[in-house]
Amino acid sequence: MAKKSENMRGFNVAVVGLSGTEKDKGQAGVGKSCLCNRFMRSLADDYSVDHISVLSQTDFSGRVVNNDHFLYWGEVTKSSEEGIEFLFQVIEQTEFIDDASFQPFKGSKMEPYVKRCSATKLTSAEKLMYICKNQLGIEKEYEQKVLPDGKINIDGFLCVFDVSDVPCRTIEKQVEIVTGILNNLVKTKKPVVLVTTKNDDANESYVKEAERLVSKKEYKGAILLIETSAHENINVDLAFIILAQLIDRTKGRTKILPFLEAAKIR
Ligand code: GTP
Ligand code: MG
């Protein structure tokens, strides 16, 4: 758990989903960074749609990326509709690509992403919080927050599933990878929520694929589905709060509204 202050409980969340080279993920990412950005920095001016994944060797070994394939997004406090406060620390599990070779950087003992992203114990000495792309190389000009004690234990996972059409990515490919990821996540016994991203630009048949995925009988109904849009800030806080309530085994959970309903009452 993250540190507790007064009665506030800490929740450490890893955001995962299809990642890798353009060959793996198509022309755009699935929306992990945008989801984290919207959640951590909810002010409109602090929301950027352009995040890092293709980097120079210098940026890969700088203190933000720190030779890891994950980002530390820092910590934030949120309240549920019931007025309960939650302290979150967020990690994004991605895959950084070398801008010279266009291949993933070689980290230490690199397992395939689908396995690696299910790690529940992460370490990285002196790793700095990621804020935005422009921060790289001029870290001193931004707030410098270090990953506490150089380590973090993950309490639950948000697995992202992109329901928009992305050139050069097939839905079959995303379903195959996300199935592999979910199978590894459930083995950790930590709560998992499937978060559909880009619902503002959804292909309805992909929404159905996500519903099919979570209703597979292997998962015994344990994986909840939440429909989000980071661009429109719909259901983003809800996804993290529902996950926290699952981690905390809260009895009454916040009601999950489908995307269109959530969009209406905003
Ligand atoms: P990698 O870390 O490179 O694997 O990518 P990622 O999963 O972090 O994806 P990222 O958040 O960088 O988003 C990729 C692209 O998807 C962005 O350039 C956004 O324009 C688009 N995108 C992200 N969120 C949304 C959304 O809510 N709606 C729409 N329409 N597009 C989005
Ligand atoms: Mg990213």
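Our subject is the structure listed above.
Below is a short write-up of the structure. (Residues numbered from 1 in each chain as written. Chains lettered and ligands numbered in written order. Predicted model: local features only at pLDDT ≥ 70, side-chain atom pairs only at ≥ 80, totals over all residues. Heavy atoms only, no water.)

Taken as a whole and assessed by the stated rule, the structure comprises ten salt bridges. Between lysine 133 and aspartate 50 there is a salt bridge, with the nearest N and O atoms lying 3.4 Å from each other. With lysine 133 in the loop between β6 (121–123) and β7 (151–153) and aspartate 50 in the loop between α2 (32–40) and β2 (54–55), the pair connects residues that are 83 residues apart, well separated along the chain. Classification of lysine 133 by relative accessible area gives partly exposed; the value is 36%. Taking the relative accessible area as the measure of exposure, aspartate 50 reaches 44% and is therefore partly exposed. (Salt bridge = Lys/Arg side-chain N within 4 Å of Asp/Glu carboxyl O. Helix = DSSP H or I, 4+ residues; strand = E, 2+ residues; numbered from the N terminus. Buried < 20%, exposed > 50% of the residue type's maximum accessible area, 1.4 Å probe, protein only.)

This brings us to the nonpolar core. Side chains of nonpolar character tend, in soluble globular proteins, to be buried together. By size, the foremost hydrophobic cluster in this structure holds 74 residues, and its most contacted members are Phe88, Leu158, Leu182, Leu194 and Phe240. Counting residues per element, this core draws most heavily on helix α7 (residues 236–247), which supplies nine residues. Setting aside chain neighbours within four positions, we find phenylalanine 88 in contact with Phe11, Val13, Phe39, Gly74, Glu75, Val76, Lys78, Phe240, Ile241 and Ala244. (Core = buried A, V, L, I, M, F, W, Y, C linked by side-chain atoms within 4.5 Å. Contact = heavy atoms within 4.5 Å.)

This next bit is on the coordination of the magnesium ion (ligand 2). The protein atoms that coordinate the magnesium ion (ligand 2) are Ser33 (OG) and Glu92 (OE), at distances spanning 2.1 to 2.2 Å. With serine 33 in helix α2 and glutamate 92 in strand β4 (residues 85–93), this pair connects stretches of sequence that are 59 residues apart. Residue classification places serine 33 among the buried positions, given a relative accessible area of 11%. The class of glutamate 92 is buried, set by a relative accessible area of 2%. (Donors = N, O, S within 2.8 Å, 3.2 Å for Na, K, Ca; no water.)

What follows concerns empty space enclosed by the protein. Tallied over the full model, the rule gives one cavity of 30 Å³ or more. Computed from the structure, the largest cavity encloses a volume of approximately 50 Å³. Among the residues forming the lining of the largest cavity, the class breakdown is three nonpolar, three polar and two charged. (1 Å grid on protein atoms, 1.4 Å probe; cavity = no way out; pocket = protein on both sides within 12 Å on 5 of 7 lines; lining within 4 Å. Points joined across faces, edges and corners; volume = space filled by probe spheres on them. Nonpolar A, V, L, I, M, F, W, Y, C, P; charged D, E, K, R; others polar.)

Moving on: the environment of lysine 264. Assignment of secondary structure puts lysine 264 in helix α8 (residues 259–264). Taking the relative accessible area as the measure of exposure, lysine 264 reaches 69% and is therefore exposed. In the structure, lysine 264 is positioned 94 residues away from threonine 170 in sequence and 30 Å away in space, judged by C-alpha atoms.

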